[in-house]
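Structural description and commentary
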Amino acid sequence: MSFTATIYHNPACGTSRNTLALIEHAGIAPTVIDYLKTPPSRETLIVLIRDAGLTVRAAIREKGTPYAELGLDDPALTDDQLLDAMLEHPILINRPFVVTPLGTRLCRPSEKALDILPDTFSGPFAKEDGELILDDQGKRLV
């Protein structure tokens with residue numbers, strides 16, 4: 001059986017790039033969805049958030065987005081209103097979401113992907129900043 005993975009990716013995001021590289025280091029050729037160019041449907045976004053064990057509010061990205069100017073910090077906003085904003089402005093969707101047969105995670109930090117990847121690593125892995133997260137035997141350090 002081949003192991004599948006899908007990553008909702010933003011190539012401009014270091015965490016997203018690290019997560020993609022980690023998936024590839026596991027020997028998996030993931031389906032890569034540039035969610036800024038191809039946003040998920042409302043239904044898919046709801047499933048991603050639910051399956052990752054998050055609230056809609058927890059899945060919103062604040063930094064580098066129109067979060068504040070749209071007034072999304074208003075606690076009176078409903079999940080539907082927040083989802084509407086995320087779909088209208090996909091940059092508000094936090095990233096990267098990763099889906100595998102072992103689960104769904106919002107991989108912030110990128111090593112959260114290790115929870116849903118098979119233990120098929122053969123060798124060390126370091127993030128772009130040099131932080132080592134897998135040792136010489138491919139075992140988790142963090």
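Throughout what follows, the structure given in this document is the object of discussion. Please read all numbers here as calculations on a predicted model, not as lab measurements. (Residues numbered from 1 in each chain as written. Predicted model: local features only at pLDDT ≥ 70, side-chain atom pairs only at ≥ 80, totals over all residues. Heavy atoms only, no water.)

1. Focus: the sheet that holds strand β4 (residues 103-106)
Within the open sheet, the 4 strands sit side by side as β2-β1-β3-β4. Their pairing is mixed. Only two strands of the sheet have a single partner each, and these edge strands are β2 (31-34) and β4. Adjacent strand axes in the sheet meet at a mean angle of 15 degrees when their direction is disregarded. Pairing of strand β3 (residues 97-100) with β4 involves 4 bridges; the strand directions are antiparallel. Bridge pairing in β4 places V98 opposite R105. Packed onto the sheet, helix α1 (residues 14-25) meets β1 (6-9), β2 and β3 and runs at close to 160 degrees relative to β1. Docked against the sheet, helix α2 (residues 42-51) engages β1, β3 and β4, running at close to 80 degrees with respect to β3. (Pairing = 2+ DSSP bridges. Helix = DSSP H or I, 4+ residues; strand = E, 2+ residues; numbered from the N terminus. Axes fitted to C-alpha atoms, helices over the stretch in contact; angles between N-to-C directions. Contact = heavy atoms within 4.5 Å.)

2. Structural notes on a nonpolar patch on the surface
A grouping of L132, L141 and V142 is seen on the molecular surface, where their side chains present a nonpolar patch of about 250 Å² in accessible area. Checked against the element boundaries, V142 lands in the segment after β6 (132-134). (Patch = residues over 30% accessible without salt bridge, like charges linked within 9 Å, V, L, I, M, F, W, Y side chains within 5 Å. Areas by Shrake-Rupley, 256 points an atom, 1.4 Å probe, with all protein chains shown as cover. Salt bridge = Lys/Arg side-chain N within 4 Å of Asp/Glu carboxyl O.)

3. Looking at α2
For α2, the complete set of buried residues consists of L45, L48 and I49. Seen along its axis, α2 keeps its buried residues to an arc of 95 degrees; they face one direction. More than 90 degrees from the buried face of α2, the exposed residues found are E43 and R50. On its buried side, α2 packs onto β1, α3 (79-88), β3 and β4. Immediately beyond the C-terminal end of α2, within one or two residues, lies G53, with a positive phi of roughly 75 degrees. (Buried < 20%, exposed > 50% of the residue type's maximum accessible area, 1.4 Å probe, protein only. Arc of directions from axis to C-beta.)

4. Some thoughts on the nonpolar core
Counting residues in each nonpolar core, the largest one holds 19 residues, and the members touching the most others are I49, M86, L92 and F97. Elements represented by at least two residues in this core include exactly α2 and α3. The leading source of residues in this core is α3, at 4 residues. Those residues in contact with F97, other than ones at most four positions away along the chain, are T6, I7, Y8, L48, I49, A52, L54, A59, T104, R105 and L106. Listed in part, the 17 residues of the second largest apolar core include A5, L20, L22 and C107. (Core = buried A, V, L, I, M, F, W, Y, C linked by side-chain atoms within 4.5 Å.)

5. A word on unusual backbone geometry
Note the cis peptide between R95 and P96, where omega equals 0 degrees. For the bond from R108 to P109, the omega torsion is 5 degrees, close enough to zero to count as cis. Positionally, P109 belongs in the loop between β4 and β5 (125-126).

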